[in-house]
Amino acid sequence: MPFWSKKKASVPIETPVLVVDALGTVSRIRDSDAEKLVELSELLDGQYHGFRSKIPFQFMTVGSKFVTGSGEFGTFRLNDMFIFYATKPHDDAVHRHLVSTSLVYQALLLTGFIPRGGMGYGLILRREDSLLGSGFVDAYEAAEKRPQRIKNVCAVHLSPSLLVRIKNSKMSKSLLCFYERAFFVNPWALTDPDMGKFDNR
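All chains use their own residue numbering, which begins from 1 and follows the written sequence. Thresholds applied to this predicted model are a pLDDT of at least 70 for local features of residues and 80 or more for the giving and counting of side-chain atom pairs; totals over whole chains, interfaces and linings are not thresholded and use all residues. Hydrogens and water are ignored here; the side-chain numbers use all heavy atoms of the structure.

Details of the side chain of Gln47
Step number 1: A run of DSSP states H or I qualifies as a helix once it reaches four residues; a run of E qualifies as a strand once it reaches two. Both are numbered from the N-terminal end. Within the secondary structure, Gln47 is located in helix H2 (residues 34-53).
Step number 2: Exposure remark for Gln47: the relative accessible area of 3% places this residue in the buried category.
Step number 3: Two residues qualify as a contact provided that any one of their heavy atoms is within 4.5 Å of a heavy atom in the partner residue. Apart from residues lying up to four places away in sequence, Gln47 is in contact with Phe82, Leu108, Thr111, Gly112 and Phe113. Burial classes follow relative accessibility: with a 1.4 Å probe on protein chains only, a residue under 20% of its type's maximum area counts as buried, one over 50% as exposed, and anything between as partly exposed.

As structure tokens, then:
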């Protein structure tokens, strides 16, 4: 287990929070026999590794089965739901999360994980086995409690609480896209040097 995941937050902090889960995983779990369930578990382990490998730690080491980082960010997993948040306050926290989310989205697609998620903002309290706070609720609702018109859009939906904290800059705006009267993270905005140019083909 990565060392930062064992740390307990001494006090709640306000942070952007990303929540993503994979389209169709629940039905795959329901239909899996014992052998298929093991295969699915291993697949999700690999997808979570890809997710964590794109978290922008200042210092990090990525191995074939592990990711260790310098601790300014945290991740949490609930079955096929992957969560990303800050563990320390930062002036550009929202912008850094937008950048990271664009790259994480690309990385997940390449592992066969079709992401549908939400990004919110609010308090987070991390304990060893739990993640509590309005920030998680805000992100979860942006992902799972969407209006019908965008319910099945496979993208990261931005909550109003997150949107009002985005700086009015050209770079930040380039990380957004607008669809069906809602804002999402633009997965085409950036090019990861390890993955090359990302497009919709």
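Quick look at unusual backbone geometry
Step number 1: Phi angles above zero are rare outside glycine, and Glu180 is one such case at about 50°.
Step number 2: Along the chain, Glu180 turns up in the loop between strand S9 (176-179) and strand S10 (182-185).
Step number 3: Glu180 gets classed as partly exposed once you look at its relative accessible area, which sits at 34%.
Step number 4: One non-glycine residue with positive phi stands out, namely Arg181, at about 65°.
Step number 5: One can find Arg181 in the loop between S9 and S10.
Step number 6: The exposure class of Arg181 is exposed, given its relative accessible area of 60%.

A closer look at the pattern of salt bridges
Step number 1: A pairing counts as a salt bridge when a side-chain nitrogen of Lys or Arg comes within 4 Å of a carboxyl oxygen of Asp or Glu. All told, the structure shown has four salt bridges when counted by the stated rule.
Step number 2: One salt bridge connects Lys36 with Glu39, and the closest N-O pair in it is separated by 3.9 Å. Linking Lys36 with Glu39, this pair stays in helix H2, spanning three residues, or about one helical turn.
Step number 3: Across the pair Lys167 and Asp92 runs a salt bridge whose closest N-O atoms are separated by 2.6 Å. You can see Lys167 sitting in the loop between helix H5 (160-163) and helix H6 (170-174) and its partner Asp92 sitting in the loop between strand S5 (81-86) and helix H3 (93-110), a full 75 residues away along the chain.

Concerning the pairing of S5
Step number 1: Counting buried positions along S5 yields six of six residues, so the element is predominantly enclosed.
Step number 2: Residues Met81, Ile83 and Tyr85 of S5 are buried on one face, and the alternating residues Phe82, Phe84 and Ala86, pointing to the opposite face, are buried as well.
Step number 3: Pairing between two strands is assigned when DSSP locates at least 2 bridges connecting them. Where strand S1 (residues 13-22) meets S5, four bridges bridge the pair, whose relative direction is antiparallel. Residue pairing in the sheet places Val17 in a bridge with Tyr85 of S5.
Step number 4: Where strand S4 (residues 73-78) folds back on S5, the antiparallel hairpin that results is connected by two residues, among which Asn79 adopts a positive phi of roughly 55°.

Some words on the nonpolar core
Step number 1: Among buried residues, the Ala, Val, Leu, Ile, Met, Phe, Trp, Tyr and Cys ones that are joined through side-chain atoms within 4.5 Å form a nonpolar core. In this structure, Phe51, Leu98 and Leu158 are the most contacted members of the largest nonpolar core, which totals 26 residues.
Step number 2: Elements that contribute at least two residues to this core include exactly S1, H2, S5, H3, strand S6 (115-127) and strand S8 (156-158).
Step number 3: Among the elements that line this core, the one with the most residues is H3, at five residues.
Step number 4: In this view, Phe51 contacts Leu18, Val20, Thr75, Phe82, Ile83, Phe84, Val104 and Leu108; residues no more than four positions away in its chain are not counted.
Step number 5: If you look at the next biggest cluster of nonpolar residues, it comprises 11 residues, including Val19, Tyr85, Phe136 and Ala143.

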